[in-house]
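Structure at a glance
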Amino acid sequence: MKKIVSILFILLTMLMSGTTLLAQGPVSAVNFEGGWAHGTGKIRNNAVNFTVVPETSLNSFLTLGVGMGYEHIYSLPFPDYIKKTNLQRDLVPFFFRLKAFSRNVKKVSFIYLDAGCAVDGKYMMENMNEEYIDEAEANNHIYGMLEFGFGSDFQVSENGSAYLKCGLNFKHTKTPVGSTLSPFFCVKVGYTLHLSGD
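Everything quoted here is computed from the prediction, not taken from an experiment. Numbers given for residues are sequential positions, taken from 1 along each chain in its written order. Only residues with pLDDT of at least 70 are given local features in this predicted model, and only at 80 or more are side-chain atom pairs given and counted; all residues enter the totals for whole chains, interfaces and linings. The basis for every side-chain value is the complete set of heavy atoms in the structure, and neither hydrogens nor water enter the calculation.

As for the pairing of strand β3 (residues 62-73)
Among the 12 residues in β3, nine count as buried, and that is most of the element. Pairing between strand β2 (residues 46-57) and β3: nine bridges, direction antiparallel. The residue of β3 that forms the bridge with Ser-57 is Thr-63. Between β2 and the antiparallel strand that follows it, β3, lie four residues. With a 1.4 Å probe rolled over the protein chains alone, any residue whose accessible area is under 20% of its type maximum counts as buried; one over 50% counts as exposed, and the rest are partly exposed. The helix count covers DSSP runs of H or I at least four residues long, the strand count covers runs of E at least two residues long, and both are numbered beginning at the N terminus. Here, a strand pair is defined by DSSP locating no fewer than two bridges between the strands.

Some remarks on the environment of Phe-154
Its place among the elements puts Phe-154 in strand β6 (residues 142-157). On a C-alpha basis, the gap between Phe-154 and Leu-164 in space is 8.7 Å, while along the polypeptide they are 10 residues apart.

As for the nonpolar core
The term nonpolar core refers to a set of buried residues drawn from Ala, Val, Leu, Ile, Met, Phe, Trp, Tyr and Cys, joined through side-chain atoms within 4.5 Å. If you look at the biggest cluster of nonpolar residues, it comprises 13 residues, and the most contacted ones within it are Ala-37, Leu-91 and Phe-110. Elements with a minimum of two residues in this core: β4 (89-104), β5 (107-120) and β8 (178-194). Element by element, the count of residues in this core is highest for β5, at four residues. What makes two residues a contact is simply this: any of their non-hydrogen atoms within 4.5 Å. Among residues more than four places away in sequence, those in contact with Phe-110 are Lys-99, Ala-100, Phe-101, Gly-149, Phe-150, Gly-151, Ser-152, Asp-153, Tyr-163 and Lys-165.

Structure representation (structure tokens):
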């Protein structure tokens, strides 16, 4: 129980600190995106995800965002002996996004970097009221997350634009036999609601 509470406290602290950073300047846009990912290494898992990312402009070509969302992994990104159980994961990611872009009238090209972590939402909810949980087991349900890639944004209305992006997402977690790093190739589509002029 204490382990889960401490995990949730850390995640909320991250989210609040990110919100504070955004509050330093006006939130210029909110991104709504969904996508698909596929394991590219020894792990061949698939995943679908949805995220919401409010962001603010740092300068004329950089934005900072704080995102959270939902991701469903079809099977565990772990070694075969665990994958045989055919379990699934429902993750809740929390991350910071740094995006650099260049404008060309109605088309915007950009590169981005997401960094944060994801927790197994189902596991956390099922064990929230437990007096004691194994710390090593709880760590198996926390994923470090790093994603980077590129994309294009196309203006579709005065206050909105659609975008397509692709990149690599790396999930890192601990397992009973050591650490696992799982690379995923991801493709995402989204819509950006512009709240202020850039």
